[in-house]
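What follows is the residue order along each chain.
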Amino acid sequence: MIRLLGFRLLQAVMVAVLIGALTFLLMSLLPGDAAYRIAAGRYGYDMVNSAAAEAVRAELGLDQPVLWRFTAWIGDLLTLDLGNSLVTGRPVLDMVAHELGSSVRLAVGAVLLSFLIGPPIGIFAGLRPGGVLDRGLLLLSTVTRAIPHFVLGVILVLIFSVWLMVLPSAGHGSFTHTILPTLTLALGLAAVSSRVARDATVAVASSAYFAFGRLKGLSGTQVFLRHGLRNIGVPVVTYLGVQLVYLIEGVVVVETLFAWPGIGHGLVHAIVQRDVPMVQGTALAMGLMFVLLNTAVDLLNHVIDPRRRTA
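Please read these numbers as outputs of a predicted model, since none were measured by experiment.

## Looking at the domain arrangement of the protein chain
Considered domain by domain, the protein chain is made up of domain 1 (1–79) and domain 2 (92–308). Once you take the C-alpha centre of each, domain 1 and domain 2 turn out to be 32 Å apart. Listed by partner, the interface residues are 24 residues for domain 1 and 19 residues for domain 2. Both faces considered, domain 1 and domain 2 share a buried interface measuring about 1,900 Å² in area, 71% of it formed by carbon and sulfur atoms. On the domain 1 side of the contact with domain 2, Arg8, Met27 and Arg37 bury the most area, a combined 30% of that side's loss. Taken together, the links from domain 1 to domain 2 amount to 0 salt bridges.

## Some words on the UniProt feature "transmembrane region" (unreviewed entry) in the protein chain
Feature annotation in UniProt places "transmembrane region" (unreviewed entry) on residues 12–30, 106–127, 147–167, 237–263 and 283–304, given in this structure's numbering. Secondary structure across residues 106–127 comprises 100% helix and 0% strand; the distance between its end C-alpha atoms is 32 Å. Across residues 147–167, the secondary structure splits into 71% helix and 0% strand, with the terminal C-alpha atoms separated by 22 Å.

## Thoughts on unusual backbone geometry
Even without being a glycine, Met165 presents a positive backbone phi close to 55°. The exposure class assigned to Met165 is exposed, which follows from its relative accessible area of 65%. Look at Ala259: it is not a glycine, yet its phi comes out positive at around 55°. With respect to the helices, strands and loops of the structure, Ala259 is situated in the loop between α10 (220–257) and α11 (263–272). A relative accessible area of 36% places Ala259 in the partly exposed class.

## Focus: the packing of helix α5 (residues 92–127) against α11
Following both chains from N to C, one finds α5 and α11 inclined at 135°, their axes separated by 7 Å at the closest point. With respect to their mutual orientation, α5 and α11 come out oblique. Two secondary-structure elements touch here, α5 through Val96, Glu99, Leu100 and Ser103 and α11 through Ile263, Gly264 and Gly266. Among the residues forming the contact of α5 with α11, the class breakdown is 3 nonpolar, 3 polar and 1 charged.

The rules behind each value
- Residues numbered from 1 in each chain as written.
- Predicted model: local features only at pLDDT ≥ 70, side-chain atom pairs only at ≥ 80, totals over all residues.
- Heavy atoms only, no water.
- Domains from an automatic or database assignment.
- Contact = heavy atoms within 4.5 Å.
- Buried area = accessible area lost by both parts, 1.4 Å probe.
- Salt bridge = Lys/Arg side-chain N within 4 Å of Asp/Glu carboxyl O.
- UniProt positions renumbered as here; feature names shortened; annotations may be inferred.
- Helix = DSSP H or I, 4+ residues; strand = E, 2+ residues; numbered from the N terminus.
- Buried < 20%, exposed > 50% of the residue type's maximum accessible area, 1.4 Å probe, protein only.
- Axes fitted to C-alpha atoms, helices over the stretch in contact; angles between N-to-C directions.
- Parallel < 35°, antiparallel > 145°, perpendicular 65-115°, else oblique.
- Nonpolar A, V, L, I, M, F, W, Y, C, P; charged D, E, K, R; others polar.

If you want it as structure tokens, here you go:
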């Protein structure tokens, strides 16, 4: 356990350095005048001229060498100072913390909803492989997983907002605003977790220890609850770590589609406005969140894996 936590800590440090370097380099290579974009973000495109752009360039030191600016950012990062937004002037740490809270609320809801949908259906399908439910699940999960986030989100908006008119199409502020973006993320996660749960159920149901439990006189329900459920949970939880990439990727698209004020929505606006500190801080938070969630998955597997139990 200590070795695992030490490895994850080292991974977090590497993620911070690599993300900072890549985002800084990519933002520097974007075409166009960064000072003009930043000035436009501050004052509006109709109020920007060359004098305003030059004033912003001198104020923010954009005429300094790229290596010098990156070294300064790394030095500030060591003191947990992500700097200030080039557009709003507010501390990046405060803005990222606010946006991250909205994104975490959306992501947690999506994960919980996907676990309520995917694994139960997959378990029922795995108990009767080759049946109607199993074949239907294969078709439905394949189609759902193949649909991009923005297409799935548009379909849900058309159904629940345009045709049925029971849910708002975008925005935030009430619980009803969270339903469609959460469902958009959850359906993609459930499509995969259901297949993982199905395959794990088939493997457990055909195992020797499962058959031995039946020979001891236990009912099918007793064997499943005592010996099957935890073994099914290990691959499902493990694959959740892989699916976190899908979740983090989807947050950027879904938040933009539904105008949700989260970290993905903030990242898109920061890139458009060339707000480099905000891009770096947002990307850093998303990368560290990925490391943290993977650590949580490893710890959860350590708890539920029956092979780790000592006599």
